[in-house]
Amino acid sequence: MPRKALITGATGFVGSHLVRRLADDGWSVDALVRRDDADLPSGVRARRDPGDVDGLIALVAELRPEVCFHLATEFRGVHVPADIAPMIEGNIHFGNRLAQAVSSAGGCLFVNLGTVWQHFDAAPYNPVSLYAATKQAFADLLVFYAEVEALPVVTLELTDTYGPNDPRAKLVPLLARAVHDGTTLEMTDGTQLIDLIYVDDAVEAIVATAEAGSGSTFGATSGAHVDLRGLVAAVERAAGQTVDVRWGVRPSRPREMLTDWTVSSPPPGWRPKVDLDEGLRRVLAV
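Residues numbered from 1 in each chain as written. Predicted model: local features only at pLDDT ≥ 70, side-chain atom pairs only at ≥ 80, totals over all residues. Heavy atoms only, no water.

On to the overall build of the chain. Counting its regular elements, the chain contains eight helices and 13 strands. Against the 2.2 N^0.38 benchmark of 19 Å for 286 residues, the chain shows a C-alpha radius of gyration of 19 Å, consistent with a compact globule. Its C-alpha atoms put the chain at 55 × 40 × 40 Å along the principal axes. Expressed as a percentage of the 286 residues in the chain, the buried residues total 49%. In the chain, 78% of the contacts between residues at least 6 apart in sequence involve partners at least 24 apart. Summed over all atoms, the accessible surface of the chain reaches about 13200 Å², with 50% contributed by carbon and sulfur. One finds the centroid of the 26 positive side-chain charges in the chain at a distance of 3 Å from the centroid of its 37 negative side-chain charges. (Helix = DSSP H or I, 4+ residues; strand = E, 2+ residues; numbered from the N terminus. Rg over C-alpha atoms; globule rule 2.2 N^0.38 Å. Buried < 20%, exposed > 50% of the residue type's maximum accessible area, 1.4 Å probe, protein only. Contact = heavy atoms within 4.5 Å. Areas by Shrake-Rupley, 256 points an atom, 1.4 Å probe, with all protein chains shown as cover. Lys, Arg positive; Asp, Glu negative; His and termini not counted. Charge placed at Lys NZ, Arg CZ, Asp CG, Glu CD.)

This is how it looks when you write it as structure tokens:
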């Protein structure tokens, strides 16, 4: 009998890799999606979010997953006022409905994805951004479900991820396009720290977190962060050419990471396998 998983965020960059990995491993995989025509790998079934808590409770009770992987998120590096409502809805309200539904169904481990951005200057909690604050708010809600409703919860706090064909507006895709197109990039002074995990390693960390069971918070980092200038140098090594960067043109964000932010241990038995140079070579090869 295959293990059964319910996954949110399955159409996202990391989520799409996770559902493909689970399906390949023989899991029965249902993806909770906003649209019936969501682009999903073969063998992954789309289950449309009914949009209300009672409907979601009924759906999860019907599916009876053993593990719920909650990857869906509304990310904003720096927010504007119009971002507040979608972040509250996506990172708190939707997650709360999901936790209630999974708790009501019973017999399911809830795997939550957090972010190292909840730990500015390696503090137990000090948000880098409003996005990080909403992730912490949901983590606090999960304490209620774990302690009062006996929902088995485990959290993995991820640093930034990257890999080939990443459609997100992130640094590595931006640098890869600059290599291919020869465009000029305007950057900050380049002193902020970057910690990147290759997408396959991120998926392995998520699976290892689920296998560890409930009651802990783990952290997945590369263990080899670089500053922004070091990242550009690594891209240039992988590409065998220079990238046209104008340093100090753009202002830094209000709370850039300038010191190590690792606060949680990695999932048991997990360590990254793809180093930055190899990962960037894979990115630039497509």
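On to a nonpolar patch on the surface, then. On the surface, Ile 84, Ile 88 and Leu 130 cluster together to form a nonpolar patch covering roughly 210 Å² of accessible area. With respect to the secondary-structure elements, Ile 84 resides in helix H3 (residues 84-105). (Patch = residues over 30% accessible without salt bridge, like charges linked within 9 Å, V, L, I, M, F, W, Y side chains within 5 Å. Salt bridge = Lys/Arg side-chain N within 4 Å of Asp/Glu carboxyl O.)

The next point concerns the sheet that holds strand E6 (residues 153-158). In spatial order, the strands read E3-E2-E1-E4-E5-E6-E11; together these seven strands make up an open sheet with parallel pairing. Every interior strand has two partners, whereas the edge strands, strand E3 (44-48) and strand E11 (217-220), have only one. The mean inter-strand angle of the sheet, taken between neighbouring strand axes irrespective of direction, is 25°. By the bridge criterion, four bridges tie E6 to E11 in an arrangement that is parallel. Directly across from Glu 157, in E11, lies its bridge partner Gly 219. On the sheet, helix H6 (residues 199-212) packs against strand E4 (67-70), strand E5 (109-115), E6 and E11 and is oriented at approximately 160° with respect to E6. (Pairing = 2+ DSSP bridges. Axes fitted to C-alpha atoms, helices over the stretch in contact; angles between N-to-C directions.)

Remember that the coordinates give geometry; whether it matters functionally is a separate question.
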